[in-house]
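Fold and contact review
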Amino acid sequence: GKSTAAANLAVALARSGRRVGLMDADVYGPNIPRMFGISERPPVTGGKIQPLEAYGVKLMSLGFLVERDTPAIWRGPIIMKIVQQFLRDVDWGPLDLFLVDLPPGTGDAQLSLVQATHVSGALIVTTPQEMAVGDALRGARMFERVGVPVLGIVENMSGFVDPESGRRFELFSAGGGRRLADELGVD
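Let me sum up the structure you'll find in this document. (Residues numbered from 1 in each chain as written. Predicted model: local features only at pLDDT ≥ 70, side-chain atom pairs only at ≥ 80, totals over all residues. Heavy atoms only, no water.)

**What to know about a nonpolar patch on the surface**
- There is a patch of nonpolar side chains on the surface, built from Met157, Phe160, Leu171 and Phe172 and spanning about 390 Å² of accessible area.
- You can see leucine 171 is positioned in the loop between β10 (168–169) and α6 (176–184).
- Since its relative accessible area comes to 61%, leucine 171 is described here as exposed. (Patch = residues over 30% accessible without salt bridge, like charges linked within 9 Å, V, L, I, M, F, W, Y side chains within 5 Å. Areas by Shrake-Rupley, 256 points an atom, 1.4 Å probe, with all protein chains shown as cover. Salt bridge = Lys/Arg side-chain N within 4 Å of Asp/Glu carboxyl O. Helix = DSSP H or I, 4+ residues; strand = E, 2+ residues; numbered from the N terminus. Buried < 20%, exposed > 50% of the residue type's maximum accessible area, 1.4 Å probe, protein only.)

**A look at the environment of leucine 111**
- Here leucine 111 lies in helix α4 (residues 108–116).
- Every residue in contact with leucine 111, bar those within four places of it in the chain, is listed here: Thr106 and Met142. (Contact = heavy atoms within 4.5 Å.)

**Details of the pattern of salt bridges**
- What the rule picks out here adds up to 7 salt bridges.
- Connected via shared salt-bridge partners are Arg141, Glu144 and Glu183.

**Regarding the side chain of threonine 127**
- Within the element layout of this structure, threonine 127 appears in the loop between β7 (122–126) and α5 (130–145).
- Here glutamine 129 takes part through its side chain, which lies 2.5 Å from a polar atom of the side chain of threonine 127.
- With residues near it in sequence (within four places) discarded, threonine 127 still touches Ala132, Val133, Glu155, Asn156 and Met157. (Polar contact = N/O pair within 3.5 Å; in protein donor to acceptor, adjacent residues only side chain to side chain.)

**Topic: the nonpolar core**
- Formed by 50 residues in total, the largest nonpolar core has its most connected members in Leu22, Phe36, Val57 and Leu59.
- If you tally residues by element for this core, the top one is helix α1 (residues 2–15), at 6 residues. (Core = buried A, V, L, I, M, F, W, Y, C linked by side-chain atoms within 4.5 Å.)

Right under this line is the structure:
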């Protein structure tokens with residue numbers, strides 16, 4: 001749900017009149033191209049990669065540069081270079097907000113991002129199950145440790161409302177995101 005949350009947040013912010021960029025830093029599973037319905041390669045002008053645009057959001061993803069079925073079998077230094085290239089070699093233009101969709105965990109993409117630029121805050125996305133909440137807690141603590149404030153928690157897949165009966169079904173449990181938010185002292 002991280003890419004879904006990032007894509008929807010970016011579009012909502014763009015529709016509210018803000019200039020928004022969304023960088024897909026999930027080099028192992030770049031889903032932003034598919035979510036925005038874009039599959040072409042970005043042009044290069046004057047030595048700068050031009051971000052593609054959809055729904056008022058400027059976009060950059062490794063998914064624009066490699067074939068959809070190509071596995072990313074890369075180690076830390078290559079991931080760091082990709083993150084740096086997307087930050088420095090893409091002509092983002094003036095932006096009000098710059099969102100980054102990260103892969104799960106506390107790995108190379110997260111550390112490369114906080115080392116390469118100032119990150120104002122992190123939004124943690126989890127599902128309600130205890131295992132997922134534990135992983136999300138470790139991610140939140142990593143951001144706190146490197147001086148990035150956690151802005152809030154999104155609980156994804158917390159329930160399904162039957163449109164006919166109006167009954168709510170909690171297929172994957174519920175409340176894990178709330179418990180995590182309470183533990184971290186955030187919304």
